[in-house]
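# Residue-level structure breakdown
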Amino acid sequence: MPTINTKWFTSAMAGAPALSGSVGAMISLIDACLKDGFNLLTLDSLVVASNVATGTKASHGYLVNQVVLIAGASPSSLNGEWRVASVTSNTFTFAATGISDQTATGTITVKTAHCGWEKQFSGTDSAVYRSGDALSSRIPIRVDDSVGQYSTVLQAESFTDVSTPVNSCGTQYFKKSSTTNATARPWVMVADGKTFYLGTDWNSSGNYDFVSAGDFASFVAGDAFPARLQGLVAPAPAAKGHYSSLSLASWEDYSGGTGSAVCPRPYSQVLGSISLFQGSLCAASMPSGANSVSYAWALSGNHGYASNQAQQPLSAPSMSDSGYHFVPVFLLERASTNRTLRGTHRGMLHVMEQLPIASGYQILEGVENVAGGLVLMVASCGAVWNAGDAYFPSTLAFSLGGW
């Protein structure tokens, strides 16, 4: 049965859960994307012709490059996960290479494919999630969704029940909305069976604050704890980018020294959590004595921070080839006296060109040197130091190929 590891989801997809300032909204979103799927339909027909399968269902709502799960079809080779290649209002297609021309039989269903995560424990407005992939770290997180505007997320090495963590690693926050009501807020998620990134447009301004949890790609041989929780370090940011770290491109601390992503154990594997900081080959440190109003660290552009000083950013798209160029985002383990590279983000990239998109999101196809050739770019904000600083726009990029 074919599977596609990396998937993307947005609030604009048919049947997608609504994210709002309501109790339980974050758990509903995580359930739908990571463990259940959504928009389950029964097809009117599924026909293969010239290595292309066409599913027919009025107003199906699926999008190009969305991953769907087919079940109940005969031949069984049509069952599994497929990336949508084209759509009309009543049909969608996907590549069916090697499957002979025919009309499939059976009660054939389709839905937005999930990522195979597990809800290990659940309670009143709370749940513990972990990867279902046996090759992952399976480090769990607990989502407490009992408050309207944000969820409180705790990472631990394990849980014995929804209320009892073992070796807690740190608490961070996932922002849902700027208001405590049922007003739906736009969101976008990129995920696979080990890692997820979630962006929320929590004040409906057109760009997204990102949080993340799950595994990273570790440089440590046999690393048993290659996981991190990367959210907001406080529940009430002054604006997008404040208390955030996933849009940060500097090796330095941020938000007044409050920390960054939390990892269960250092590279030595000794008991005790440690902070991870991120940066790319383009990352810049805050210049000594600089006014932080002038400098916000954005994870797009060639200089790693936006400034009212003339930094000569690379134009978007590139003037040389009309394209965009990407480099990995590294994770730095920072103890009190020593620093070491621990690994890289899985699937998240630094786009070299400055601010490729100003709002919303865009999928690039045919990208060279990126697995699968698909990149999702999402408008975000650079992280800032203090609440009154300037919030420069940024762009986050995610490979949609296998991580």
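Here goes a summary of the coordinates provided. Remember, predicted model here, so these are calculated numbers, not experimental data.

## So, the side chain of Arg-228
- Tracing the sequence through the fold places Arg-228 in strand β20 (residues 227-230).
- Buried and without a salt bridge, Arg-228 has Asp-215 as its closest oppositely charged side chain, separated by 7.6 Å.
- In this structure the side chain of Arg-228 is engaged in a polar contact, spanning 2.6 Å, whose partner is the side chain of Ser-212.

## Notes on the pattern of salt bridges
- Within the structure shown, the criterion is met by ten salt bridges.
- For Glu-81, the salt bridge is made with Lys-7, and the minimal N-O distance between the two is 3.2 Å. Here the residue Glu-81 occupies a position in strand β6 (residues 80-83), and Lys-7 occupies one in strand β1 (residues 7-10), the gap between them amounting to 74 residues. Per residue, the accessibility class of Glu-81 equals that of Lys-7, and both read buried.
- Across the pair Arg-265 and Glu-157 runs a salt bridge, and its minimum N-O distance is 2.7 Å. Within this pair, whereas Arg-265 is found in the loop between β21 (261-263) and β22 (274-280), its partner Glu-157 is found in strand β14 (residues 150-161), the two being separated by 108 residues in sequence. The two residues Arg-265 and Glu-157 agree in class, both being buried.

## Digging into the nonpolar core
- Counting residues in hydrophobic clusters, the biggest one holds 44 residues, and the most contacted among them are Met-189, Phe-196 and Phe-210.
- Considering each element in turn, this core owes the most residues, eight residues, to helix α1 (residues 25-36).
- Discounting chain neighbours no more than four positions away, the residues touching Met-189 are Lys-7, Trp-8, Phe-9, Leu-29, Cys-33, Leu-34, Phe-196, Tyr-197 and Leu-198.
- Counting residues in hydrophobic clusters, the runner-up holds 19 residues, among them Ile-70, Ala-73, Trp-82 and Phe-94.

Cut-offs applied
Residues numbered from 1 in each chain as written. Predicted model: local features only at pLDDT ≥ 70, side-chain atom pairs only at ≥ 80, totals over all residues. Heavy atoms only, no water. Helix = DSSP H or I, 4+ residues; strand = E, 2+ residues; numbered from the N terminus. Buried < 20%, exposed > 50% of the residue type's maximum accessible area, 1.4 Å probe, protein only. Lys, Arg positive; Asp, Glu negative; His and termini not counted. Salt bridge = Lys/Arg side-chain N within 4 Å of Asp/Glu carboxyl O. Polar contact = N/O pair within 3.5 Å; in protein donor to acceptor, adjacent residues only side chain to side chain. Core = buried A, V, L, I, M, F, W, Y, C linked by side-chain atoms within 4.5 Å. Contact = heavy atoms within 4.5 Å.

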